[in-house]
Amino acid sequence: MIVTKPRSLERILEDLQSVGARRVFVVGCGECATAARTGGEEEVAAFSRWLAEHGFEPTGGVVPEVTCHRPGAASALRKHREALDDSDAVVVLACGAGTQAVADAAGLPVFPGLESSFLGMAVRNGEFEERCQMCGECVLDATAGICPVTACPKGLLNGPCGAMWEGVCEALGDQECVHVRIRERLAAQGRGAAGVLPPKDWSKKRKPDAVSVRERVRRGQEGSR
Amino acid sequence: MSRLRDALERGEFVVTGEIAPPRGSDLAAMRETMRIVGPRCHALNVTDNQGASLHMSSFAACLVAKELGYEPIFQQTCRDRNRLALQSDLMAAWAFGIENVLVVTGDDPRSGDHPQARGVFDLDSTQLLQVAAGMNEGHDMQGRPLSGGPTGFYLGAAVFPEAEPWGAQLARAVGKIEAGARFFQTQAVFDLDKLVRAVDALHQHGAKVVAGVLVLRSPRVIDFVNKHLAGLAVPDDVAKRIREAPDPAEAAIDLAVEQVAAIRDIADGVHVMPLGLDARVPEILARAGVAAGA
Ligand code: SF4
Ligand code: SF4
């Protein structure tokens, strides 16, 4: 899931002041930001209270099921058309994609209320770790299911580097060097080290990327993949 | 022909020194250090934004070394440049007669003086060695021929003999040899048994090993090394010996002399990092019985 963190409230204040906003509508997200406890019903309510305490007039709030689904976000907003028409600006407690879906649909100045941090794994309830950069060409096959692109601060495919000491990564301070962990897991599974991994093909990660499932299905029906 | 390569391949014990380019454009102090250290060395490592801190480019400083008649080892880190820039600099180096290249990963930016910088690490050091080895075969990373034909770089890499687990460290070093490294320069070594272990293993793969010696001139320098130099910790007994000496600088010189003398019997050369005591390098080498490089 996309892990978000609260954004500096001073920054949000400045953003709202920059357009002279007084009446503010708040949008959350029922998916990732709810799980991260940054943009669920509770947080939308708390943020609305904060707005009121700081001289704004909260005009309403909504938590769409999945805010980064633009048609879904748009239809959630339609149900609050009156409140939106009565608002000067919108603050979105969702990731950057969710914020942009709202910005496309709201017809008002829309401001981010969170920082989008990383693609995370919930290692425990409420505890998330960054595990994938979505690099476009996965190397987990060669690295025992541990991502060095993410877990090595330098993103090295081949390691350990000189920052490794007693198995610990000095660049990270107190965490294990991921390349030591990879070699250990490979060995434990009786798999030899993968040898030297070649340089990454970053063309696989060109932005902006886009995917059309419809297009793929159509081509699939034509027999190609 | 690289004098460093020539000496290592003939089995001569080599000496390499270390030069940090200035932060700014004044070359005087660097030239002075080169004149002190250079005559005693087969080659001078010229660092590349060492410690992830800003310095003049290694390439430019290598040219200064050559101008003064000393052979440089051009250090390239993977931290600050992507694959295009790295190959550009390698082509420039070869065009200007720089033959020795030491390829290192580079410290993470967060440990340097521009912690806001984005680390590039488009290639890692093993991959960059492969690229440079490809240039030695006459082609760039895409397999396209280079005008002027193959380069003839003598390629080196870093190894950390004291880093544990040694298995992971050795596997990485062997990968570097397979990628094209012919010599290694080590981080400072205090535990000579571990140096023997590293040299034996790397010799089996046909690589030469130049072992590092640090001159720990004061308690403050020891703290700095422990805190800021990646992959290094000064052992307590060594630290104690220098901290408790009436004259720490002299104690550090004595220690360096002992280390250089011991390394003569183990490794293929010694790399002296004087950490400010550059002027004493000739004396350290002479007292350890190492002949002038020139
Ligand atoms: S290699 Fe790492 S960053 Fe790339 S897709 Fe796989 S898990 Fe994600
Ligand atoms: S010590 Fe390991 S995890 Fe840390 S930067 Fe080096 S290779 Fe990456």
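This structure is a prediction, so every number in the text was calculated from the model and none was measured.

A. Structural context of the overall build of chain B. The secondary structure content of chain B amounts to eleven helices and eight strands. On C-alpha atoms alone, chain B measures out to a radius of gyration of 18 Å, which is about the 19 Å that the 2.2 N^0.38 rule sets for 294 residues. Across its three principal axes, chain B shows a C-alpha extent of roughly 60 × 45 × 40 Å. Across the 294 residues in chain B, those meeting the buried criterion constitute 57%. Put simply, 77% of the contacts in chain B that link residues at least 6 apart link residues at least 24 apart. Per element, the accessible surface of chain B, about 11,700 Å² overall, is 52% carbon and sulfur. Treating the 29 positive side-chain charges of chain B as one cloud and the 37 negative ones as another, the clouds have centres 3 Å apart.

B. Layout of the sheet that holds strand β5 (residues 154-159) of chain B. Residue and element names in this part refer to chain B. The strand order around the closed barrel formed by eight strands is β1-β2-β3-β4-β5-β6-β7-β8, and the pairing between neighbours is parallel. Pairs of neighbouring strands in the sheet enclose a mean axial angle of 25 degrees, with direction left out of account. Sheet strands in contact with helix α2 (residues 28-37) are β1 (14-19) and β2 (43-46), and its direction is about 165 degrees off that of β1. Each of β3 (72-77) and β4 (100-104) is contacted by helix α4 (residues 83-95), which is oriented at about 170 degrees to β3, the strand it contacts most.

C. The arrangement of the site of ligand 2 in detail. Neighbouring residues of ligand 2: Cys152(A), Pro153(A), Lys154(A), Leu156(A), Pro160(A), Cys161(A), Ala163(A), Met164(A), Cys169(A), Cys177(A), Val178(A) and His179(A). Of the residues contributing to the shell around ligand 2, the split by class is ten nonpolar, one polar and one charged.

D. Just the site of ligand 1, in detail. Residues in contact with ligand 1, as listed here, are Cys132(A), Gln133(A), Met134(A), Cys135(A), Cys138(A), Val139(A), Leu140(A) and Cys147(A). Its residues assigned to classes, the shell around ligand 1 comprises seven nonpolar, one polar and no charged.

E. Just the packing of helix α4 (residues 70-78) of chain A against helix α6 (residues 96-106) of chain A, in detail. All names here are of chain A. It is at 9 Å that the axes of α4 and α6 come closest, and there the two elements cross at 55 degrees. Taken as axis vectors, α4 and α6 run oblique relative to one another. Once α4 is placed against α6, the crossing between them reads as right-handed. Here Arg70, Ala73, Ala74 and Leu77 of α4 lie close against α6, whose contacting residues are Ala101, Val102, Asp104, Ala105 and Ala106. When the residues that make up the contact of α4 with α6 are grouped by side-chain class, the tally is seven nonpolar, no polar and two charged.

F. Representation of the domain arrangement of chain A. Assigned domains of chain A: these are domain 1 (2-117) and domain 2 (137-192). The gap between the C-alpha centroids of domain 1 of chain A and domain 2 of chain A is 39 Å.

G. Spatial organisation of the interface of chain A and chain B. The partner chain B presents 29 residues to the 25 residues of chain A that form the contact. Regarding the contact of chain A and chain B, the summed buried area is about 2,100 Å², with carbon and sulfur atoms giving 59% of it. There are zero salt bridges connecting chain A and chain B. At the boundary of chain A and chain B, one finds eleven residue pairs in polar contact (both at pLDDT 80 or more). When contributions to the side of chain A that touches chain B are tallied by element, the ones reaching two or more residues are β8 (164-165) and α8 (178-188) of chain A.

What counts, and at which threshold
- Residue numbering note: each chain is counted from 1, following its sequence as written.
- Whichever chain is written first is A, and whichever ligand is written first is 1; the rest continue in order.
- Whole-chain, interface and lining totals are the exception, using all residues; otherwise, since this is a predicted model, local features are given only for residues with pLDDT of at least 70 and side-chain atom pairs are given and counted only at 80 or more.
- In computing side-chain values, all of the structure's heavy atoms are included and hydrogens and water are not.
- Secondary structure counts use DSSP, requiring at least four H or I residues in a row for a helix and at least two E residues in a row for a strand, with both numbered from the N terminus.
- When we talk radius of gyration, it's over C-alpha atoms, and the globule rule is simply 2.2 Å times the number of residues to the 0.38.
- Here's how the labels work: a residue is buried when its accessible area is under 20% of the maximum for its type, exposed when over 50%, partly exposed in between, all with a 1.4 Å probe on protein chains only.
- Any pair of residues with heavy atoms lying within 4.5 Å of one another is described as a contacting pair.
- In this description, accessible areas are obtained by the Shrake-Rupley approach with a 1.4 Å probe, and a residue is regarded as covered only by the protein chains that are shown.
- When charges are tallied, Lys and Arg are placed among the positive residues and Asp and Glu among the negative ones, while His and the ends of the chain are skipped.
- Every charge is mapped onto a representative atom, which is NZ of Lys, CZ of Arg, CG of Asp or CD of Glu.
- Strand pairing is defined by DSSP finding a minimum of two bridges between the two strands.
- Here an axis means a line fitted to C-alpha atoms, over the contact stretch when the element is a helix, while the angle between two N-to-C directions is reported on a 0 to 180 degree scale.
- Any residue with a heavy atom lying within 4 Å of a molecule or strand is counted as near it.
- Amino acid classes used here: Ala, Val, Leu, Ile, Met, Phe, Trp, Tyr, Cys and Pro are nonpolar; Asp, Glu, Lys and Arg are charged; the rest, including Gly, are polar.
- Orientation categories follow fixed angle ranges, with anything under 35 degrees roughly parallel, anything over 145 roughly antiparallel, 65 to 115 roughly perpendicular, and all other angles oblique.
- Each helix crossing is assigned a hand: it is left-handed if the near helix lies turned anticlockwise from the far helix by less than a right angle, otherwise right-handed if that turn is clockwise.
- As used throughout, domain bounds are those supplied by an automatic or database domain assignment.
- Here's the idea: put two parts together, see how much 1.4 Å probe accessible area each one loses, and the total over both is what we call buried area.
- By definition, a salt bridge exists where a carboxyl oxygen of Asp or Glu is found within 4 Å of a side-chain nitrogen of Lys or Arg.
- Under this definition, polar contacts are N or O atom pairs within 3.5 Å; protein pairs additionally need one hydrogen-donor-capable and one acceptor-capable atom, and for neighbouring residues in sequence, both atoms have to be side-chain atoms.

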